[in-house]
Amino acid sequence: MRRRIVAGNWKMNTTYAEAMDLVEGLKNALTQEVVGDTGVIITPPSVYLSDVVGALVDNEFIAVAAQNVHEKDNGAFTGEISAPMLSSLDVDAIIIGHSERRQYFGESNESCKVKIGQALNNELAAIYCIGETLEERQSGNFMEVILNQCAEGLEGFIADDMDNIILAYEPVWAIGTGEVATPEQAQEVHAGIRAWLAERFDAETAENVSVLYGGSCKPGNAAELFAQPDIDGGLIGGASLNAEDFTGIIKARTNA
Ligand code: 13P
């Protein structure tokens, strides 16, 4: 059964004190009633992961993810962080292929494929991000771009692997811009991704993979997005930095 998930991507934000305050705020706000059967994931900057995981040891609602991972297990790669390191901290998941990493750090579908493999090999879930730029949207071939990201990033994986892979559709033109995809635009892409999953794997796998929407998702627009049949939840940037806003989005998911 595919899961409803609301994940927060904190990106390169928060001081240590702010991060720990945000965790406390979420711990207080997220009760069984608020969370329901929604899976909640937060993704703080890597330097805080250890303390955030520690602060959530007794919390049953909030899982913790990293924002990136290196392709190799270890070695002379100054400044990088590996999947075995994240696994040793009891991190639950890794965001892979965020458009900001593709845009500013040269990540390709090929490197994402390797990173997804690293996550899975280390018992971490992968949240694989895909999505088109404004130019690609305007050119009309955005679906081709997105499905190519799916095909290349997921090359070689089998249906069973998809149990630990979450997809996040994030139109680049909607990220941090305040411009949100309409529910119809997002649903069209999500349905296309699910149809592709059915063809690439099988109908059951397509039905079971969680496909999240990301891009200016806020408490005020989350419910109409989550009401779409193929939108299983959200990957939230800016609004995940505020406990009240993030909780509002989780409530929208739980109650949709
Ligand atoms: P915003 O919610 O700030 O648009 O960011 C979305 C995003 O990039 C989440 O990964």
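An account of the accompanying structure is given in this report. All of these numbers come straight from a predicted model, not from anything done at the bench.

The next subject is the pattern of salt bridges. Taken as a whole and assessed by the stated rule, the structure comprises 12 salt bridges. Residue E107 pairs with R101 through a salt bridge whose shortest N-O separation is 2.8 Å. The burial state of E107 is the same as that of R101; both residues are buried. Two residues, K115 and E107, come together in a salt bridge whose shortest N-O distance is 2.6 Å.

Taken in spatial order, the eight strands line up as β1-β2-β3-β4-β5-β6-β7-β8 and close into a barrel, and their pairing is parallel. With strand direction ignored, the average angle separating the axes of adjacent strands in the sheet is 30°. Against the sheet, helix α8 (residues 142–153) engages β5 (125–130) and β6 (165–169), with an angle of about 150° to β5.

Looking now at the nonpolar core. In this structure, I42, I165 and I193 are the most contacted members of the largest nonpolar core, which totals 70 residues. Of all hydrophobic cores here, the second largest spans 13 residues; its members include I5, A7, I127 and L235.

One pass over the structure, following the stated rule, counts three aromatic pairs. Their ring planes at 85° and their centres at 6.4 Å tell us that W196 and F201 sit as a pair that is edge-to-face. Taking the relative accessible area as the measure of exposure, F201 reaches 13% and is therefore buried. Taking NZ or CZ as reference, R101 lies 4.2 Å from the ring centre of F105, over its face. The residue whose ring lies beneath R137 is F142, and the NZ or CZ to ring-centre distance is 3.7 Å.

Our focus in this paragraph is the site of the ligand. Around the ligand sit 13 residues in total, of which K11, H98, G176, S216 and G238 are the nearest. Between an oxygen atom of the ligand and a side-chain N or O atom of N9, the distance comes to 3.0 Å. Contact distances for the ligand include 2.6 Å between an oxygen atom and a backbone N or O atom of G176.

Cut-offs used in this document
- Residues numbered from 1 in each chain as written.
- Predicted model: local features only at pLDDT ≥ 70, side-chain atom pairs only at ≥ 80, totals over all residues.
- Heavy atoms only, no water.
- Salt bridge = Lys/Arg side-chain N within 4 Å of Asp/Glu carboxyl O.
- Buried < 20%, exposed > 50% of the residue type's maximum accessible area, 1.4 Å probe, protein only.
- Pairing = 2+ DSSP bridges.
- Helix = DSSP H or I, 4+ residues; strand = E, 2+ residues; numbered from the N terminus.
- Axes fitted to C-alpha atoms, helices over the stretch in contact; angles between N-to-C directions.
- Contact = heavy atoms within 4.5 Å.
- Core = buried A, V, L, I, M, F, W, Y, C linked by side-chain atoms within 4.5 Å.
- Phe/Tyr/Trp six-rings, centres within 6.5 Å; stacked < 30°, edge-to-face > 60°.
- Lys NZ or Arg CZ within 6 Å of the ring centre and 35° of its normal.
- Near = heavy atom within 4 Å.
- Polar contact = N/O pair within 3.5 Å; in protein donor to acceptor, adjacent residues only side chain to side chain.

The analysis is restricted to geometry; functional conclusions fall outside its scope.
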